[in-house]
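Descriptive structure summary
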Amino acid sequence: MGGKSVQDLKDIANKLRIHSIKATNASNSGHPTSCCSMAEIMSVLFFNTMKFKVAEPRDPSSDRFVLSKGHAAPILYAAWVEAGLLSEEDILKLRKVDCDLEGHPTPRLSFIDVATGSLGQGLSCSAGMAYTGKYFEKAGYRVYCLIGDGESAEGSIWEALSFAGHYKLDNLVAIFDINRLGQSEPTMFQHEMDVYEQRLKAFGFNTLVIDGHDVGQIVKAFENAANVKGKPTAILAKTFKGKGLAGIEDQENWHGKPLGPKAESAIQDLLNCIANNCPPPQATTQPACTVPPVDNSPISLSEPPNYTLGETVATRLAYGTALLKLGTNSKRIVALDADTKNSTYSDKFRKAFPDRFIECFIAEQNLIGVAVGCSTRGRKIPFTSTFATFYTRAFDQLRMAAISQANIKCCGSHCGVSIGEDGPSQMGLEDIAMFRTIPGCTVFYPSDAVSTERACELAANKQGICFIRTSRPNTPVIYANDEPFAIGKAKVVKKSANDVALVIGAGVTLFEALKAADLLAQQGINIRVIDIFTVKPIDIGTIQSNAKECGGRIITVEDHYPEGGIGEAVAGAVSCCRNTVHYRLAVTGVPRSGPPAVLMDMFGISANHIIKAVQEIKDL
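Note on numbering: residues in each chain are counted from 1, in written sequence order. In keeping with the predicted nature of the model, local features appear solely for residues at pLDDT of at least 70, side-chain atom pairs appear and are counted solely at 80 or more, and the whole-chain, interface and lining totals rest on all residues. Think of the side-chain values as coming from all heavy atoms in the structure, minus any hydrogens and water.

Going by an unreviewed UniProt entry, the protein chain carries the name Transketolase and comes from Nephila pilipes. The heading Subunit (unreviewed entry) in the UniProt record of the protein chain holds the text "Homodimer." UniProt positions are given in the numbering used here, feature names are shortened, and annotations may be inferred rather than shown by experiment. Recorded in UniProt under Sequence similarities (unreviewed entry), the annotation for the protein chain is "Belongs to the transketolase family."

Below you can see the structure in the form of structure tokens.
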């Protein structure tokens, strides 16, 4: 048992309980009872089973641990106290504003790979880590994910279980802390262990039902998991919330409450259970092998864009081309799709690099979670793709990815009413708004094939979450193959010395603006047209200066709902400018099926509507 006796591990479990009680009492908040149910599991994991470097928690060769039930963070911090990375004084600063030991784990801490706390997400991230270890890196590290029974009701857990079973992730261990009690009432299945067992077996897991407070059973379960090949393991641990706390164990109404005045007697009871209060000899925790370092040099397209001015190419097709070029130049690039690869054109990458492509099937929450897991410790740069509208299903995963400081790239195709006959259920009309709200996210909206390839190249080198919005229709190539692009820099694509209005568009609406400009020119009316390129960060300087030269008259036109889109981004950019008037053209109301050109006109974003807006605004 790695140099530790059963009694040593029991003693450590009770020390972990004591740390958790003290920390939550010091902060007057937290979840000590949720910690107590998993104390023996944490003791065995950290001091008998896992291989890791205490001084280098993110060493790429080390085993990974993800606490999906993030509200039990105090016991995770307690494990690192007992391991020697943190001090007892550190953990007593739990939840203080000047301390990184937050209420739920975040990667501000060196031993946290992904943020958790929004329940049901840890297993997807763990599956991404395990997939990376097994298939991309062929490394020996193992991944352990501890899941609460309450959060196992989340559909994202079942998406992850299906994924892990399908890909035979035998380096993944999902540990379910089945303590029977949720936040407000007992969980759905309480201690019906056979129900959990049948479900996990159905997903292709090596399934073990154990007493989660019996150290010997826990040790044997992890040993069993290490020897099973061809399937992941699920350890279903029957536990009790508040284990070891007299009058509190297995009682309702103690979720999320410090023990307060009951803490002193509870700690004394636990101290009485500890046979040896001196630190036992440290187990050997060093990883068995070394994972080679990755090449972190800048990534470029394997060859520059190669298009002819005026030829028509869908930006979704250019995305596939760019992804292939990036993958040719860097093995860090991996691609994931949600069964839309023949529409998003990520299939180009799959055909060239099948060993670096993950089919996630129609499970968008898991798609993002797996990508976040793949990106941890800087090993891979995942590009995910699906229809833009389907990312809305994974908004919580994206929100948590930002808290995780994840480095993932998302391409959303088939945006807006311009997809045509497929109808409103397939039209991404909220995606810009959604991605703009994500802290640190870069939102690209390229308009032609050249700018799309450069957007992908820029995204690959930009740390953090990036969203690349692509369109279904073919659009003309308007940029030379050597045109430079930069994040936060718009392009003025048409101008004159006497422009009466500034029209800002992107994607298909940029070409509607250019069409309107040509028609207006026949009437002797000139307008300036800007291709926004990145909606976030937006090019405030270019917009403000050009708007001023056009008399402060601005028209934005977008294939998106008005709320949160290009119009609102531009409104924010000019909000401090005097003498500015701004017309916003966007999709209002729920659209319908029909030809793209008809729908764009019906919903107010065609050249005809731009012309009308210019005629109204020019005399203001």
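Having seen the model, we can carry on.
A word on the UniProt feature "domain: Transketolase-like pyrimidine-binding" (unreviewed entry) in the protein chain. When the UniProt feature table is mapped to this numbering, "domain: Transketolase-like pyrimidine-binding" (unreviewed entry) covers residues 313-477. Helix and strand definitions follow DSSP, with helices as H or I runs of at least four residues and strands as E runs of at least two, each counted in order from the N terminus. Helix makes up 39% of residues 313-477 and strand 20%, whereas the separation of the span's terminal C-alpha atoms amounts to 7 Å.

Here we come to the side chain of threonine 389. Topologically, threonine 389 is positioned in the loop between strand S9 (381-387) and helix H15 (395-403). Residue class for threonine 389 comes out buried when judged on its relative accessible area of 9%. Every residue pair with non-hydrogen atoms within 4.5 Å of one another is taken to be in contact. When near neighbours in sequence (up to four residues on either side) are disregarded, threonine 389 contacts Ser425, Gln426, Met427, Gly428 and Glu430. Between buried and exposed lies partly exposed: a residue is buried under 20% and exposed over 50% of the maximum accessible area for its type, with that area taken using a 1.4 Å probe on protein chains only.

Criterion for a salt bridge: a side-chain nitrogen of Lys or Arg within 4 Å of a carboxyl oxygen of Asp or Glu. Within this structure, the stated rule accounts for 25 salt bridges. We note a salt bridge from lysine 201 to glutamate 197, for which the minimum N-O separation is 3.4 Å. Of this pair, lysine 201 and glutamate 197 both sit in helix H8 (residues 193-202), four residues apart, which is roughly one turn of the helix. You can call glutamate 197 partly exposed: its relative accessible area is 24%. In this structure, lysine 325 and glutamate 453 form a salt bridge, with 2.9 Å as the shortest nitrogen-oxygen distance. Placement of lysine 325 in helix H11 (residues 315-329) and of glutamate 453 in helix H17 (residues 449-461) is noted, with a sequence separation of 128 residues between them. Both residues of the pair, lysine 325 and glutamate 453, count as buried. Connected through shared salt-bridge partners, Asp347, Arg350 and Lys351 make up one network.

Moving on, we get to the sheet that holds strand S2 (residues 143-148). As summarised here, the arrangement of the five strands in space is S1-S2-S3-S5-S4, forming an open sheet in which the pairing is parallel. Every other strand in the sheet has two partners, leaving strand S1 (64-67) and strand S4 (206-211) as the edge strands with one partner each. In this sheet, adjacent strand axes meet at a mean angle of 20 degrees when their direction is disregarded. The rule for pairing is simple: two strands pair if DSSP sees at least two bridges between them. As judged from the six bridges shared by S4 and strand S5 (residues 233-238), these two strands associate in the parallel manner. Bridge pairing in S5 links valine 209 to leucine 236. Axis geometry follows a simple rule: fit a line to the C-alpha atoms, using only the stretch in contact for helices, then measure angles between N-to-C directions, giving values from 0 to 180 degrees.

Glancing now at the state of the cysteines. Pairs of cysteine sulfur atoms within 2.5 Å are identified as disulfides in what follows. Using the criterion set out here, one finds zero disulfides in the structure. We note that cysteine 99 lacks a disulfide partner, and the nearest cysteine sulfur, in cysteine 35, lies 15 Å from it. Since its relative accessible area comes to 13%, cysteine 99 is described here as buried. With no disulfide of its own, cysteine 360 lies 7.8 Å from the sulfur of cysteine 374, the closest cysteine sulfur. Residue class for cysteine 360 comes out buried when judged on its relative accessible area of 3%.

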